[in-house]
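Notes for the structure review
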Amino acid sequence: MMNYTVIEKIIAKHTTQQVAPGEIVIADVDCAMASDTTGPMAINAFNEMGGSHPWDSKKMVFIIDHASPAPNERVANLHKKVRDFAIKTESNLHDIGSGICHQVMVDEGYVNPWDLIIGADSHSVTYGALGAFSTGVGSTDLAAVMLTGKVWLKVPPTIRVNLSGQLNDGVSSKDLVLFLVGETGLDGATYCALEFSHHPDLSLSSRMTITSMSVEMGGKAGVFEQPNHSDPVMPDENANYHKVIDVDLSQIVPKLSEPDSPDNVVDLAEHLGQPVDAGFIGTCTNGRLEDLQAAAKILNGKSLPVGVRLIITPASKKVLNDAVEDGTFSILSKSGATFIPPGCGPCVGTHLGVPADGETIISSANRNFPGRMGNKNAKVFLASPSTVAASALMGKITDPSELSIL
């Protein structure tokens, strides 16, 4: 009788080898992705391997997002390398302004339940929100995928996360995943897969927030059950788990990650009143329409104080256009927020929003290691979009639920 977890079932669909934790298998890949940071090196390695054309150009995706538009000559030439290769090989190309690779992959329909997807970026784990196995690899490994359409994997043990109860008002999926990162630490799920139970209150955007930060726990992948899909993505009843974590969502309170690590997680209440110089809302973790709407709810009809910035990066052009159409963009812009092109920008410190020495930033990003935003002499707190918006509005770390009584 089968006893597979969701991850094991997906891998089994893509290989003829035995699937069990610790086994190394060769698996067929449904889609592969590279960005402007990893694409040039992958192309070089692909050429060195004797490649001339990806195994299936329809399944190969290049997305220019990490330093987009190009901030200097060197990066512009890297973009050209990716652009020229994608056009020459008739691979899928999403150029500057299209958005963050992980959001574009979902927006453009490259991800489906039961897929096995390889991306040359650590946050490729995001696609598990749709019931796919997705993981990040280095550029050389991606080149091998480009050449063969296959990848080698060590089947990871699975950590099961059971979600029950309901999130309280003012608490979001970001608070939930920060709680989990704080509980497990950066290496608590190293080379394990995280399997999350279905929860009807978690939208696709919320699930993507959670799966994107699976890698912040060391996870090789993070995947949500999909019981309502035409071919339900569910584990076997007697699946064997490495560990089981039970979470009552009603017990989660607003959280913060203190500088300088995502797992330095504390209750938001511990830092109330801490002055901030700027807020940042965006990234593959929290740059979706749902996140921008949460910020607009806080800032509607209000103005940022003098000397405090709020930078917003929509996760994709689709998110940007949707925010324009429903009025969210106007609310945020009129409040004093500054929009920059869809992409990674401030999250990775490439350009567009690098903080100054000694500044304190509150960010909806996924990482706050020293120098992550481009300046090791700045302090970065991680929080939900609502908390970022409330804190930017007040010029100090603020619980968004408190604003209703001000």
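Above: the structure in question.
Presented here is an overview of the structure given in this document.

Each value, and the rule that gives it
- Residues numbered from 1 in each chain as written.
- Predicted model: local features only at pLDDT ≥ 70, side-chain atom pairs only at ≥ 80, totals over all residues.
- Heavy atoms only, no water.
- Buried < 20%, exposed > 50% of the residue type's maximum accessible area, 1.4 Å probe, protein only.
- Helix = DSSP H or I, 4+ residues; strand = E, 2+ residues; numbered from the N terminus.
- Polar contact = N/O pair within 3.5 Å; in protein donor to acceptor, adjacent residues only side chain to side chain.
- Phe/Tyr/Trp six-rings, centres within 6.5 Å; stacked < 30°, edge-to-face > 60°.
- Lys NZ or Arg CZ within 6 Å of the ring centre and 35° of its normal.
- Pairing = 2+ DSSP bridges.
- Right-handed = clockwise from strand over helix to strand, strands pointing away.
- Patch = residues over 30% accessible without salt bridge, like charges linked within 9 Å, V, L, I, M, F, W, Y side chains within 5 Å.
- Areas by Shrake-Rupley, 256 points an atom, 1.4 Å probe, with all protein chains shown as cover.
- Salt bridge = Lys/Arg side-chain N within 4 Å of Asp/Glu carboxyl O.
- Contact = heavy atoms within 4.5 Å.

Re helix 2 (residues 39–48)
Looking only at helix 2, the buried set comprises G39, P40, A42, I43, A45 and F46. G50 lies just past helix 2 and shows a positive phi near 90 degrees.

Overview of the environment of T148
Tracing the sequence through the fold places T148 in helix 5 (residues 139–148). Taking the C-alpha atoms as reference points, T148 and G51, 97 residues apart in sequence, are found 9.5 Å from one another. Within the structure, the side chain of T148 is placed 3.1 Å from the backbone nitrogen of K150, a separation counted as a polar contact.

Looking at unusual backbone geometry
Excluding glycine, residues mostly have negative phi values, and the peptide bonds linking residues are mostly trans. Following S68, the chain continues into P69 via a peptide bond in cis, with omega recorded as -5 degrees. Positive phi values are uncommon outside glycine, yet Y191 reaches one of about 50 degrees. Checked against the element boundaries, Y191 lands in the loop between helix 6 (173–184) and strand 9 (193–196).

Digging into the packing of aromatic side chains
All chains considered together, the criterion is met by four aromatic pairs. Look at F46 and F85: their rings are 5.7 Å apart centre to centre, the planes differ by 85 degrees, and that puts the pair in the edge-to-face class. A residue pair is termed long-range when its members are at least 10 positions apart, and F46 in helix 2 and F85 in helix 3 (residues 73–89) qualify at 39 residues. Of the two residues examined, F46 and F85, each falls in the buried class. One Lys or Arg, K13, reaches over the ring of W114 and ends 4.9 Å from the middle of that ring.

Looking at the pairing of strand 10 (residues 221–224)
A regular strand places its side chains so that they alternate between the two faces of the sheet. Side chains A221 and V223 of strand 10 all project onto a buried face; the interleaved residues G222 and F224 project onto the opposite face, where all are buried too. Relative to strand 10, strand 9 is paired through four bridges, and the arrangement is parallel. Residue A193 lies in a different strand from strand 10, and its bridge partner there is A221. In this region the chain leaves strand 9, passes through helix 7 (residues 204–212) and returns to the parallel neighbour strand 10; the handedness of that crossover is right-handed.

Quick word on a nonpolar patch on the surface
Together, I24, I26 and W152 make up a nonpolar patch on the protein surface, roughly 320 Å² of accessible area in all. Mapped onto the elements of the fold, W152 is located in strand 7 (residues 150–154).

Focus: the side chain of N286
With respect to the helices and strands, N286 occurs in helix 8 (residues 283–286). What makes N286 buried here is its relative accessible area of 1%. Polar contacts involving the side chain of N286 include one to the side chain of T209, which spans 3.4 Å. Apart from residues no more than four positions distant in its own chain, N286 is found in contact with K174, T209, I281, D291, S364 and P385.

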